[in-house]
Amino acid sequence: MTIKKLSVLLIFVTVFLMGLSSLVQGANFEDLSREVDDFIEERKEGTASVSLGIFKGGQVLSKTQHGYIDEENNIPAEEKSIYEWGSVSKVLVWISLMQLEEEGKINLDEDVKTYLPQEFSKELKYPHPLTLKNIMNLQSGFQEVDIKVEFEEGEEIPELQDLLLASEPKQIYEPGTVVAYNNWTPALGAYIVENISGQKFYDYVQEHIFTPLNMKNTAVAADWRDNAFVKDNRSKSKSYYYTEDSHESLGPCILHIGLYPAGATAGTFDDFLTFAKEFTVEHPKFFKEAQTFERMMGASLLFADGQPRIHHGLLSMDDAVHLVGHSGNTQGFTSSLWFDPTDKIGYAVMTNEPGETAYNYGLAQFLFGSGDRREEGGEDISGLYTSQRTIDQGPLRFIKYLSGILPISATEKQGIFKVPLAGMTISYQGGNRYRFDNGNGLAYQVVERKGGILENFTTDSQALGTFEGAMAYALIAGALFLLLAMIIRLVRRIISKLRKRENKISPSFISHVAGSVISFAFIYLWLLASSYSKVKIAIVSLICIGATLVICWNFLSQLLEKIHGKGKGLGAVTWQLFMVVFVIFFQLYKFWG
């Protein structure tokens, strides 16, 4: 049975044909649940477990739990199963700030310095103040955190204030100018809640959000200390990476998020559904006044074409209709809540698979239909884009060119583009909007803005300049090539030594060794991207500085010999200068910044 077949159950079929925002208008529980079962059946080969619910006006229309939370022991997903919220946790921060604003204890347009100790202002370098609304709009200007903020089971987890100070990233954009999703600033917002309320953030949420909603099986703290049920049962949930062709078990997949307000919440699906459906009532229980919810649902940031983009921390995912909500990922789970604020219809979903899209986003198309309205024309948006959610300064700058890259290529059809390797199709929708579709549930609209910027519902992407892109990738490729060349030279020298040939160490060889040290250091940081620390970065950076000095000294020595007519040539000059430029370009010397 298809979505179109379910639509005949609607009382006003003509309204549906005109673009009604939901299938569930007029449908009864049994019919809708049957459609959900068919939806899951079509995707079961790629499903570990999924718990999902559909609701309208605060009432649950359908709830289903399918698959295994522990496949090895044949334990199905059930009411006591624990899932992780991921970044949906951030919604708790935004609600808490709106509660404090409701009580007159904060002003969302006030400089955050008003609510923070002085030591938190060291990276606030722009004259324009950073406000709480900037934080809620993902326009704080901070780059991503570049040191370790996640901890294995048994590791000591720092207090929120201490970790915020230790991991404070650089502010690379002026506040209010660039949308760049960030995990540090929501945690900063939670710390402001602590300062104003006098409570630990997890205690504040338990008292002011979970208790009014009677949510008894959800924890917020990094180690889930605030809910014994979650802490005792989280290890019973396992994670999987499923495709139609392979099933891979990831085990319990426990990793504690030190900046916990940004993504550590975990609990049962029943609690998550209780929380999600509250967004479709006129007066949610977590606000004293209905007007507070009205203010929260007002657009606090618009797309370039004037349509709502962010609603005080809640994101907009536009396709067939305007949806508001949030999704989240951890290393083993994906969760989402999305709703239509006009017709008060929405869905909640939790899966024990990382990066899952068939349910977390595919339910939007199941309920509301496809928004694909292809038109002729549109600008040529092909090119290489980098996410503004990045690390643009400091010793880990190379990450900008290794992740968050969006290559868009044109096709033979006008207005149709592709993202190679990602399976993403882009189609022109009219105006300055383009629809991105990964073919597995995730579909959303992106707005093109002047200056080579694409605005999606979480982050701006900027077209990468030809010179910068060529420089970055040439240096990365060159570093890897130099490493390979060094290995070959070492093997040849060993063979020569074994054959008792002359084995004089040349300046060129010394330069290759120094350059390879830098390459090894670079690859070391690249491969250990999840476990950075300031100490590791400082050590690697010092090694790179030392190797760079060796290269410079060797180059100058050869150059002087050449000038005085004693040198035979500058055979290793190219590689020597190459590695110096490499260090400078990727700013590996700024470990103290």
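To keep things clear, this report deals only with the structure shown in the data block. (Residues numbered from 1 in each chain as written. Predicted model: local features only at pLDDT ≥ 70, side-chain atom pairs only at ≥ 80, totals over all residues. Heavy atoms only, no water.)

**Structural notes on the packing of helix α4 (residues 90-102) against helix α8 (residues 201-213)**
Quick note on the threshold: Lines fitted to C-alpha atoms define the axes, with helix axes restricted to the stretch in contact, and inter-axis angles between N-to-C directions lie between 0 and 180 degrees. What counts as a helix is a DSSP run of H or I of at least four residues, what counts as a strand is a run of E of at least two, and both are numbered from the N terminus. Roughly parallel covers angles under 35 degrees, roughly antiparallel covers those over 145, roughly perpendicular covers 65 to 115, and oblique covers all other angles. What makes two residues a contact is simply this: any of their non-hydrogen atoms within 4.5 Å. Here the nonpolar group is Ala, Val, Leu, Ile, Met, Phe, Trp, Tyr, Cys and Pro; Asp, Glu, Lys and Arg are the charged ones; every other residue, Gly included, is treated as polar.
Close contact between α4 and α8 brings their axes to 11 Å; oriented N to C, the two are set at 75 degrees. Looking at the two axes, α4 sits roughly perpendicular to α8. Together, L92, V93, I95, S96, Q99 and L100 of α4 and F201, Y204, V205, H208, I209 and F210 of α8 make up the contact between the two elements. In the contact of α4 with α8, the residues fall into nine nonpolar, three polar and no charged.

**Considering the environment of H312**
How we decide: Pairing of N or O atoms within 3.5 Å defines a polar contact, subject to two protein rules: one partner must be a possible hydrogen donor and the other a possible acceptor, and residues neighboring in sequence count only if both atoms are side-chain atoms.
With respect to the helices and strands, H312 occurs in the loop between β12 (308-311) and β13 (314-318). Other than its neighbours up to four places away in sequence, H312 contacts W94, M98, L108, K133, M136, R295, M296, G298 and S300. Of note is the side chain of H312, whose polar atom sits 3.2 Å from the backbone oxygen of G298.

**Describing the sheet that holds strand β6 (residues 218-219)**
Heads up, the condition is: Pairing between strands requires that DSSP locate at least two bridges from one strand to the other.
Pairing within the open sheet is antiparallel, and its three strands lie in the order β4-β10-β6. Looking along the sheet, the strands with just one partner apiece sit at the ends: β4 (83-84) and β6. Direction of pairing for β4 relative to strand β10 (residues 266-267): antiparallel, over a ladder of two bridges. Bridge assignment links Y83 to a residue of β10, and that residue is G267.

**Overview of the packing of aromatic side chains**
Rules: Whether two aromatic rings pair depends on their centres lying within 6.5 Å, for rings of Phe, Tyr and Trp, where Trp uses its six-membered ring; planes under 30 degrees apart make the pair stacked, over 60 edge-to-face, and the rest tilted. Buried means the residue's accessible area, taken with a 1.4 Å probe over protein chains only, is under 20% of the maximum for its type, while exposed means over 50%, and partly exposed covers the values in between. By definition, being over a ring means that NZ of Lys or CZ of Arg is both within 6 Å of the ring centre and within 35 degrees of the ring normal.
Under the definition given, this model contains 29 aromatic pairs. Ring plane angle 85 degrees and centroid distance 6.1 Å describe the contact between Y401 and Y473, whose orientation is recorded as edge-to-face. Of this pair, Y401 sits in the loop between β17 (383-387) and β18 (405-410) while Y473 sits in helix α13 (residues 466-498), and the two are 72 residues apart along the sequence. Judged by relative accessible area, Y401 falls into the buried class, the value being 2%. Here the aromatic residues W85, F210, F272, F275, F279, F286, F287, F293 and F339 are joined through ring pairs into a cluster of three or more. Seen from the ring of F585, R397 lies directly overhead, with NZ or CZ sitting 4.5 Å from the centre. The ring centre of F303 lies 5.1 Å from the NZ or CZ of R433, which sits over that ring.

Read these as spatial facts, not as claims about activity.
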